[in-house]
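Chain and residue survey
The primary structure of each chain is shown beneath.
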Amino acid sequence: MSGSVEARQHVEDDVALDLSGILGAIWRRKFAVLATTVLLGAGAYGLLSMIPPRYQAETKILIEDRGISLGTEKAAGDKAVIDQESVASQVQLLTSRDLARRVAQSEALADKSEFDGSRGSLLHTLLVAAGIGSDPMRVAPEERVLDAFSERLQVYRVEGSRVVVAQFTSEDPELASSVANSVVAAYMALQAEAKRRMSEDQTRWLGDEIESLRAKVTEAERAVETYRSGNDLFVGENNATLARQQITDLNNSLAAARSDKAAAQSRADALRALLDRPSDLQSATEVLDSETFKTLRNREVALRTRLSELSVALLPGHPTIRAIKAQISDILAQEVAEARRMLAGLENDVTVADARIASLTASLEQLKSTSAQNSDSEVELRALEREATSQRNLLEGMLVRYREAIARQNAEVMPADARVISRASVPSEPTFPKVVPLTIVATVAGFLLSLGWVITAEFLSGRALRRVSVVPEKPLALESDVVATEPAVVEMPVRRPTVADAVEADLVRATDELRRAHAGSAQRAEVDLPTAGLDVIHAMLVSEDARRVAIMGVGEAFAVERSIALLSDFAVSDGAKVVVVDTVPGHAGIGGTGLSDLIAGDAPFSDVIRRNPATRAHEIGVGRRPLDPEMLSGSTVETLLSALEHTYDLVLLDLGALDPDLDRFRLIASADHTILVGDTADPEVVRIYGLLTSEGGTRVTIAPPWTDVVGVAA
């Protein structure tokens, strides 16, 4: 048979985990597993029961400022806030060696065998005998007690608070409770003693400082008085010097003199103006206030009244009338004379006021000159006074603090900066060992260890693995024009398992029913067509160095997509670079730009190539519109496919499930190999196969839709 390849049966061997064999080995050794589990559980229970139980008690305290409040102290809000560092310092104080020594003495821990170090574990005794461990009996008894006490005491701060917890562990529950409370009591006693000592030291220091300050205050006040007397800077009213007081008095007198002068001058001017009009003298206040003027005025009024009465009966020339008029004229002259006398008095007052103003001004200038000369002395005096005042204030503050310190020192109890919020009670349950839970854990661990031992022995002996062989059931003919009468043998390299095996398992389950439905018809097929599994087809493509492969199918498109995915995974697993070119018209518009956009020049290669995460192959979709006959018949498609062949090791043309037409035949004719996915018992598959082989130029292999991952189709 021309062009045929000698066929031989292909057998692929592999190994798989023999789960049933492992379970059988475990069942055969069930008594050993159970014995190991029971022994470990019983041993753990026995060892835990031999360990003396330990009980834990805890006391909680709240760190806060609890100083004695006195009326002269600052308000509580002004006190320093206790921060985390302060709380951490109190934790260190609770774990200090001095506090441990006090508690050990008060609780007589040296008399307890638990703390004297004589009762050690068997392992520690063996290590000491071997010279590896340290012998606790070589340490002083007090140090052994303190070391054991420190190991059993645990002090920590509750996160996010100022609460400190003191926990103590002992074999005696009552001792654990007593020691936990004693630790807190000793801590508060240490705090109170420290406060009392601090108060005594503060009182002693304040007493010495007060005596020193008193001497300084006395010296400062003496210096002020000496300087004041030596420079005539005596103090008057309102704590002012005499010179300044005199200047103030002279200023006041000068202002009064100027006011008196102004008043006298204004009165004299007014009276002088009235003298020109004697009839208006009666309106002058100074004239009305004069007793002489009042008397003259009364006589004038009486005479005028008499004149009026006589004028009724007597003529103007009557002697009596003339006598009365003469008297009235005389009185008017006397009034004018009285006004002139008063004017002279006012002018005299103005003159006196001028003289007084001049005298006061001269005295004021003299005092100002003297005060200017004493300014430097006053500055120095004020400096001395400030020094004396600061020393006096400091002394007064010291006295206040001294009285407060004396009050604290005389107090019967000095409160510590902590308060017990929870005292330790006698624990009823041990904290270690938890016999039952630990025994259960040890039993489960023993069971798992025994199972691990059995499984490990099976793997080391090789019995945990079994050999798997897959034998092709159907011959393969590579020539389409000759019907094979002998099974063809194709050499195929052993393929390592890949991630696609899991995908293939799911796909195989989905086609189980289809496979069973076509099994009978496949056995009754009269035409023996070249049929092979995808792994065999992959080996054929590798041996032929096929770069462009067309895949099409008859029936459901699912089988074509499944075959493309498996074939892509085979090639990628062997290290080949694969690209799948989709030409199915029904896929147009799915996935964005694609081959049609690339042919039309609307998109570059970088925008149409995508990576399939399942198969790890690259893919080029149909595009936003289907491929029309002009695109398929042009030279652009061939140019693009040739460019892809230069970049990728394998170019898969997805033609989908279809009946071949003229345009599809052009793509198939350019392929190196064509894969037809379909059932050989289907007459349509036989018809499509005949059409493909009649064109020539490409090799056609049929891949059944239910093909296995390896081997020839069943």
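A few points about the overall build of the protein
- Tallying secondary structure elements over the protein gives 23 helices and 13 strands in all.
- Burial status across the protein gives 38% buried among its 714 residues.
- Relative to all contacts within the protein whose residues are 6 or more apart in sequence, the contacts with residues 24 or more apart total 83%.
- Looking at the protein as shown, the accessible area adds up to about 39,500 Å², and 55% of this sits on carbon and sulfur atoms.

Considering the packing of aromatic side chains
- Enumeration according to the criterion identifies two aromatic pairs in this entry.
- Arranged with centres 6.1 Å apart and planes meeting at 15 degrees, the rings of Phe115 and Phe168 form a pair that is stacked. Placement of Phe115 in the loop between helix 4 (97-107) and helix 5 (122-129) and of Phe168 in strand 4 (residues 163-170) is noted, with a sequence separation of 53 residues between them.
- For the ring pair Phe149 and Phe168, a centre distance of 5.3 Å and an interplane angle of 35 degrees mean the geometry is tilted. Separated by 19 residues along the polypeptide, Phe149 in helix 6 (residues 141-152) and Phe168 in strand 4 bring together distant segments of the chain.
- Residue Phe168 is classed as buried on the basis of its relative accessible area, which comes to 0%.
- One residue, Lys30, lies across the ring of Trp27, its end atom 4.2 Å from the ring centre.
- Of note, Arg152 hangs over the ring of Phe115, and the distance from its end group to the ring centre comes to 5.2 Å.

Side note on the packing of helix 4 against helix 7 (residues 173-230)
- Viewed as axis vectors pointing N to C, helix 4 and helix 7 meet at an angle of 130 degrees, and their least axial separation amounts to 9 Å. The angle between helix 4 and helix 7 falls in the class oblique. Note that helix 4 runs across helix 7; the crossing there is right-handed. Contacts from Leu99, Arg102, Val103 and Glu107 in helix 4 reach Leu175, Ser178, Val179, Ser182, Val183, Ala186, Tyr187, Ala189, Leu190 and Glu193 in helix 7.
- When grouped by side-chain class, the residues that make up the contact of helix 4 with helix 7 number nine nonpolar, two polar and three charged.

Some thoughts on the side chain of Gln167
- The topology assignment puts Gln167 in strand 4.
- A residue is classified by how much of its surface remains accessible, and Gln167, at 9% relative accessible area, is buried.
- In this structure the side chain of Gln167 is engaged in a polar contact, spanning 3.3 Å, whose partner is the side chain of Tyr156.
- Dropping the residues within four chain positions of it, Gln167 is found in contact with Gln56, Ala57, Glu58, Arg152, Leu153, Gln154 and Tyr156.

Some thoughts on the pattern of salt bridges
- All told, the structure shown has 22 salt bridges when counted by the stated rule.
- The salt bridge involving Arg699 is made with Glu544; its shortest N-O contact spans 3.2 Å. Here Arg699 is found in strand 13 (residues 699-703), whereas its partner Glu544 is found in helix 16 (residues 534-544), with 155 residues between them in sequence.

Concerning a nonpolar patch on the surface
- A cluster of nonpolar side chains, contributed by Val436, Ile440, Val444, Phe447 and Leu448, occupies part of the molecular surface with about 460 Å² of accessible area.
- Mapped onto the elements, Phe447 comes out in helix 13 (residues 435-461).

Overview of the environment of Ala262
- Note on placement: Ala262 falls in helix 8 (residues 242-275).
- Remark: the alpha-carbon pair of Ala262 and Ala353, spanning 91 residues in sequence, is separated by 8.8 Å.

Quick notes on helix 1 (residues 19-28)
- Ile22, Ala25 and Ile26 are the residues of helix 1 that are buried. Angularly, the buried residues of helix 1 cover 100 degrees about the axis, an arc narrow enough to put them on a single face. Within helix 1, the exposed residues directed more than 90 degrees away from the buried face are Ser20, Leu23, Trp27 and Arg28.

Comments concerning the confidence of the model for the protein
- Here the protein shows a mean pLDDT of 75. Residues at 70 or above account for 74%.
- The low-confidence segment residues 1-14, where pLDDT is below 50, has 43 contacts with residues more than four positions distant or belonging to other chains.

Overview of the sheet that holds strand 3 (residues 153-157)
- Read across the sheet, four strands follow the order 3-4-2-5 without closing on themselves; strand pairing throughout is antiparallel. Unpaired on one side and paired on the other, strand 3 and strand 5 (418-422) mark the two borders of the sheet. Mean inter-strand twist for the sheet, computed between neighbouring axes without regard to direction, equals 25 degrees.
- Its contacts with the sheet put helix 3 (residues 84-94) on strand 2 (55-63), strand 3 and strand 4, and the angle it makes with strand 3 is roughly 175 degrees.
- Here helix 7 sits on the sheet and contacts strand 2, strand 3, strand 4 and strand 5; the angle it forms with strand 2, its principal contact strand, is near 20 degrees.

Things to note about unusual backbone geometry
- Even without a glycine there, the phi angle at Asp545 is positive, about 55 degrees.
- Within the fold, Asp545 resides in the loop between helix 16 and strand 7 (548-553).
- Using a relative accessible area of 54% as the deciding quantity, one classes Asp545 as exposed.
- If you check the backbone angles, Arg616 has positive phi at about 65 degrees while not being a glycine.
- With a relative accessible area of 31%, Arg616 lands in the partly exposed category.

Some words on the sheet that holds strand 13
- Spatially, the seven strands line up as an open sheet ordered 9-10-8-11-7-12-13, and their pairing is mixed. Both outer strands of the open sheet, strand 9 (609-611) and strand 13, are each paired with one neighbouring strand and no more. On average, each strand axis in the sheet is inclined to that of its neighbour by 25 degrees, with strand direction left out of account.
- Pairing of strand 9 with strand 10 (residues 618-620) involves three bridges; the strand directions are antiparallel. Counted as the bridge partner of Ile609 is Ile620 from strand 10.
- On top of the sheet, helix 16 reaches strand 7, strand 12 (673-677) and strand 13; it is set at about 160 degrees to strand 13, its chief contact.

Concerning helix 7
- In this model, helix 7 (58 residues) spans 85 Å end to end at C-alpha, consistent with the 86 Å of a helix rising 1.5 Å per residue.
- Put simply, Asp172 is the residue that caps the front of helix 7, since its side-chain oxygen is 3.2 Å from the backbone nitrogen of Glu174.

Thresholds, definitions, all that
Numbers given to residues run from 1 along each chain, matching the order in which its sequence is written. Predicted model: local features are reported for residues with pLDDT of at least 70 only, side-chain atom pairs are reported and counted for 80 or more only, and whole-chain, interface and lining totals are derived from all residues. The side-chain values count all of the structure's non-hydrogen atoms but skip hydrogen atoms and water molecules. Helix and strand definitions follow DSSP, with helices as H or I runs of at least four residues and strands as E runs of at least two, each counted in order from the N terminus. Categorising residues by exposure relies on relative accessible area from a 1.4 Å probe, with only protein chains included: less than 20% of the type maximum marks a residue as buried, more than 50% marks it as exposed, and the intermediate range marks it as partly exposed. Any two residues whose heavy atoms approach within 4.5 Å are treated as being in contact. Per-residue and other accessible areas follow the Shrake-Rupley method at a 1.4 Å probe size, with only the shown protein chains counted as cover for residues. Two rings from Phe, Tyr or Trp (for Trp, the six-membered ring) form a pair when their centres sit within 6.5 Å of each other. Planes less than 30 degrees apart are called stacked, planes more than 60 degrees apart edge-to-face, and all others tilted. Either the NZ atom of lysine or the CZ atom of arginine qualifies as a charge over a ring when it sits within 6 Å of the ring centre and within 35 degrees of the ring normal. What counts as an axis is a line fitted to C-alpha atoms, over the stretch in contact for a helix, and the angles between N-to-C directions run from 0 to 180 degrees. Any angle between 65 and 115 degrees counts as roughly perpendicular, while under 35 counts as roughly parallel, over 145 as roughly antiparallel, and the rest as oblique. With the far helix as reference, a near helix turned anticlockwise by less than a right angle produces a left-handed crossing, and one turned clockwise produces a right-handed crossing. Gly is placed with the polar residues, together with every amino acid not listed as nonpolar (Ala, Val, Leu, Ile, Met, Phe, Trp, Tyr, Cys and Pro) or charged (Asp, Glu, Lys and Arg). Under this definition, polar contacts are N or O atom pairs within 3.5 Å; protein pairs additionally need one hydrogen-donor-capable and one acceptor-capable atom, and for neighbouring residues in sequence, both atoms have to be side-chain atoms. Salt bridges are identified by distance alone: a Lys or Arg side-chain nitrogen within 4 Å of an Asp or Glu carboxyl oxygen. For patch detection, residues must exceed 30% relative accessible area and be free of salt bridges, and they are connected within 9 Å for like charges or within 5 Å for nonpolar side chains (Val, Leu, Ile, Met, Phe, Trp, Tyr). Throughout, the arc means the angular range of directions from the helix axis out to the C-beta atoms. Each residue gets a pLDDT score, which is the predictor's confidence in that residue and runs from 0 to 100. Paired strands are those between which DSSP finds at least two bridges. Take the residue count of a helix, subtract one, and multiply by 1.5 Å to get its expected span.

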